[in-house]
Amino acid sequence: MASAYLVFGLTGDMAMWRNPYEPVGSFSSLGPSPSQLAGLMGAALGFAAPRSAASALLPNAKPLAILQKKGLRWPVSAELLRWQEENAYAVACRWLGGVPRRVSWNVNGIKDMSKPLDPQPLRLQQQVVARPAYEVLVRLSNPDAIRAVAVALMNPAFPLCLGASF
């Protein structure tokens, strides 16, 4: 069976591509991982993640405990995983944003650790990618699935974010 391809641009004001090996999760990787791009396409296609508000609307949603038993550290849509496997999902991504630049992005909380934390939470200093621009190439085994992704990216079922919803 012949593969089908889709190329699209991915840009924004900032991106936060979390690295699972970063203990605090505060320093963005330069670009998205293949699974993060799959999640972006899954959101466009309407595949709800188990912890999302939309997952309560799904009639056949698998309980979170079942997904975690399979070794998934972060709950992923079972429908998205099935879609990736059925369509022999493969992706490549390249940076088009010129010289990469990370900027500090503060998340709610306090700055000074010498002051009591209560009632304020700790402030995280995140480093996000400023003005990211990527070119993404997706290969799927099913041409109909490629057309569905192209349509969904132009009119996504859920809001699309570059790694973080802020």
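Here's the deal with the overall build of the chain
Of the regular secondary structure elements, the chain holds four helices and six strands. Mapped from its N terminus to its C terminus, the chain presents α and β elements in the order β-β-α-α-α-β-β-β-β-α. The buried share of the chain, taken over its 166 residues, is 30%. Sequence separation of at least 24 residues holds for 75% of the intrachain contacts in the chain that already meet a minimum separation of 6. Here the chain displays about 10500 Å² of accessible surface, and carbon together with sulfur accounts for 57% of that area.

Things to note about the environment of Ala4
You can see Ala4 is positioned in strand β1 (residues 4-11). Once the C-alpha coordinates of Ala4 and Ser141 are considered, the two residues, 137 residues apart in sequence, prove to be 6.0 Å apart. Those residues in contact with Ala4 that lie beyond four places of it in its chain are Val138, Arg139, Leu140, Asn142, Pro143 and Ile146.

Description of the confidence of the model for the chain
Chain-level statistics for the chain give a pLDDT mean of 81 and a share of 69% at 70 or above. Model confidence for the chain, summarised as mean pLDDT per element, is weakest for helix α2 (residues 64-69) at 52 and strongest for strand β6 (residues 133-140) at 97.

Side note on the sheet that holds β1
Spatially, β1-β6-β3 is the arrangement adopted by the three strands of the open sheet, whose pairing is antiparallel. Where the open sheet ends on each side, the last strands, each with one partner, are β1 and β3 (90-95). Ignoring which end each strand starts from, the neighbouring axes of this sheet average 20 degrees apart. Contacting β1 and β6, helix α4 (residues 143-154) crosses the sheet at an angle of about 20 degrees to β1.

Points about unusual backbone geometry
A positive phi is found at Ala88, a non-glycine position, where the angle reads about 50 degrees. With respect to the helices and strands, Ala88 occurs in the loop between α3 (78-86) and β3. Judged by its relative accessible area of 38%, Ala88 falls in the partly exposed class. Non-glycine residue Arg131 carries a positive phi angle of around 45 degrees. With respect to the helices and strands, Arg131 occurs in the loop between β5 (124-130) and β6.

Considering the environment of Met14
Within the secondary structure layout, Met14 lies in strand β2 (residues 14-15). Taking the C-alpha atoms as reference, Met14 lies 9.0 Å from Arg102; in sequence the two are 88 residues apart.

Topic: the nonpolar core
Residues Leu10, Trp83, Tyr89, Val138 and Leu140 are the most contacted members of the largest nonpolar core, which totals 23 residues. Elements supplying a minimum of two residues to this core: β1, α1 (34-45), α3, β6 and α4. Every residue in contact with Trp83, bar those within four places of it in the chain, is listed here: Met41, Leu45, Phe47, Tyr89, Leu140, Ala145 and Val149.

Section: the packing of aromatic side chains
All told, the structure shown has four aromatic pairs when counted by the stated rule. Between the aromatic rings of Trp17 and Tyr134, the centroid separation amounts to 6.2 Å while the plane-to-plane angle is 75 degrees, which identifies the pairing as edge-to-face. Taken together, the residues span a long stretch of sequence, with Trp17 in the loop between β2 and α1 and Tyr134 in strand β6 at a distance of 117 residues. On the basis of relative accessible area, Trp17 is assigned to the buried category, the value being 2%. The class of Tyr134 is buried, set by a relative accessible area of 2%. Residues Trp83 and Tyr89 carry aromatic rings whose centres are separated by 6.0 Å and whose planes lie at 45 degrees to one another, so their mutual orientation is tilted. Put simply, the rings of Trp17, Trp95 and Tyr134 touch in pairs and so form one group of aromatic residues.

Conventions and cut-offs
Residues numbered from 1 in each chain as written. Predicted model: local features only at pLDDT ≥ 70, side-chain atom pairs only at ≥ 80, totals over all residues. Heavy atoms only, no water. Helix = DSSP H or I, 4+ residues; strand = E, 2+ residues; numbered from the N terminus. Buried < 20%, exposed > 50% of the residue type's maximum accessible area, 1.4 Å probe, protein only. Contact = heavy atoms within 4.5 Å. Areas by Shrake-Rupley, 256 points an atom, 1.4 Å probe, with all protein chains shown as cover. pLDDT = per-residue confidence, 0-100. Pairing = 2+ DSSP bridges. Axes fitted to C-alpha atoms, helices over the stretch in contact; angles between N-to-C directions. Core = buried A, V, L, I, M, F, W, Y, C linked by side-chain atoms within 4.5 Å. Phe/Tyr/Trp six-rings, centres within 6.5 Å; stacked < 30°, edge-to-face > 60°.

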